[in-house]
Amino acid sequence: MLRLFVALDLPEDHRRRLYALRDPSWKARWATPDQFHLTLRFLGPVEEDLLPELTRTLAEIEAPAFELAPRGLMVLPSLTRPRVLAAAVDPVPELHALQAEIERRVVDLGFTPEDRPFRPHITLARLKQVPTAAVRSFLQRHRDFALTPFPVRAFHLYESHLHPDGARYEILHRFPLQP
Ligand code: 3AM
């Protein structure tokens, strides 16, 4: 079984800037620069036999390239239950259209439909025991957080390798978007 997800990759400079937000004093697992991505669809454990059909299906998607601008920080699932600290992105219709198309295609292949609304985010940290007050003050301190837009020219199929000290994400396939 392969643990798979579909996501967008980020440029090096944006990774560095996101990593610079890190507060090492928190009881949290901060993502390292190589772990940053924006998940479009978590697929979960997939039989290796299914991989050719899955990649063929994703390769059929015709969607335009677009620009994405990280802006604002958010906490998931909620500020009263802070589990994940993440960067948000400016809403762009192309991002949501791409996510919807991927969702449609994978459901056609037999994956269970995602029942949660798509909340695009780049995970910065998984919080263990960080008091809400500390999270609030972090969000306040970084309330103007924004990065320059970057071009999204492809989406990717990732394999997630789980390790006790954090996941390693490996890009298995690159699917170009239309220029
Ligand atoms: O992009 P982020 O970090 O939000 O949380 C996992 C990570 O999301 C998510 O898939 C991404 C790559 O691991 N993930 C893990 N298990 C999941 C599940 N059961 C899940 N998303 C939805 N359902």
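Calculation rules
- Residues numbered from 1 in each chain as written.
- Predicted model: local features only at pLDDT ≥ 70, side-chain atom pairs only at ≥ 80, totals over all residues.
- Heavy atoms only, no water.
- UniProt positions renumbered as here; feature names shortened; annotations may be inferred.
- Helix = DSSP H or I, 4+ residues; strand = E, 2+ residues; numbered from the N terminus.
- Buried < 20%, exposed > 50% of the residue type's maximum accessible area, 1.4 Å probe, protein only.
- Areas by Shrake-Rupley, 256 points an atom, 1.4 Å probe, with all protein chains shown as cover.
- Lys, Arg positive; Asp, Glu negative; His and termini not counted.
- Charge placed at Lys NZ, Arg CZ, Asp CG, Glu CD.
- Near = heavy atom within 4 Å.
- Polar contact = N/O pair within 3.5 Å; in protein donor to acceptor, adjacent residues only side chain to side chain.
- Nonpolar A, V, L, I, M, F, W, Y, C, P; charged D, E, K, R; others polar.
- Salt bridge = Lys/Arg side-chain N within 4 Å of Asp/Glu carboxyl O.

- The name given to the protein chain in an unreviewed UniProt entry is RNA 2',3'-cyclic phosphodiesterase, with Rhodothermus marinus as the source organism.
- Here the protein chain is described in UniProt, under the heading Sequence similarities (unreviewed entry), as follows: "Belongs to the 2H phosphoesterase superfamily. ThpR family."
- The Function (unreviewed entry) comment attached to the protein chain in UniProt states, word for word, "Hydrolyzes RNA 2',3'-cyclic phosphodiester to an RNA 2'-phosphomonoester."

### Description of the overall build of the protein chain
Moving on, step 1. Secondary structure summary: the protein chain contains four helices and ten strands in total.
Moving on, step 2. Reading the helices (α) and strands (β) of the protein chain from amino to carboxyl end gives β-α-β-β-α-β-β-β-α-β-α-β-β-β.
Moving on, step 3. Counting only C-alpha atoms and orienting by the principal axes, one finds that the protein chain spans roughly 45 × 35 × 30 Å.
Moving on, step 4. By the burial criterion, 46% of the 179 residues in the protein chain qualify as buried.
Moving on, step 5. Surface accessibility of the protein chain: about 9900 Å² in total, with carbon and sulfur atoms responsible for 51%.
Moving on, step 6. Here the protein chain contributes 24 positively and 23 negatively charged side chains, and the mean placements of these two sets differ by 10 Å.

### Comments concerning the site of the ligand
Moving on, step 1. Around the ligand, the structure places Arg3, Phe5, His37, Thr39, Phe42, Arg116, His121, Thr123 and Arg126.
Moving on, step 2. Contact distances for the ligand include 3.5 Å between a nitrogen atom and a side-chain N or O atom of arginine 3.
Moving on, step 3. Within the complex, 70% of the 490 Å² of free accessible area of the ligand lies under protein.
Moving on, step 4. For the shell around the ligand, the elements supplying multiple residues, two or more each, are β1 (2-8), β3 (38-46) and β7 (122-127).
Moving on, step 5. Taken together, the residues that form the shell around the ligand break down as two nonpolar, four polar and three charged.

### Some thoughts on the pattern of salt bridges
Moving on, step 1. Evaluated as defined, the whole model comprises ten salt bridges.
Moving on, step 2. Notably, a salt bridge pairs glutamate 103 with arginine 41, separated by 2.5 Å at the nearest N-O pair. With a gap of 62 residues between them, glutamate 103 in helix α3 (residues 93-108) and arginine 41 in strand β3 connect regions that are remote in the sequence.
Moving on, step 3. Using a relative accessible area of 13% as the deciding quantity, one classes glutamate 103 as buried.
Moving on, step 4. In this structure, glutamate 101 and arginine 105 form a salt bridge, with 2.9 Å as the shortest nitrogen-oxygen distance. With glutamate 101 and arginine 105 both in helix α3, this residue pair falls four residues apart, about one helical turn.
Moving on, step 5. Using a relative accessible area of 16% as the deciding quantity, one classes arginine 105 as buried.
Moving on, step 6. Taken together, the salt bridges that share partners define one network made up of Glu60, Glu101, Arg104, Arg105 and Asp108.

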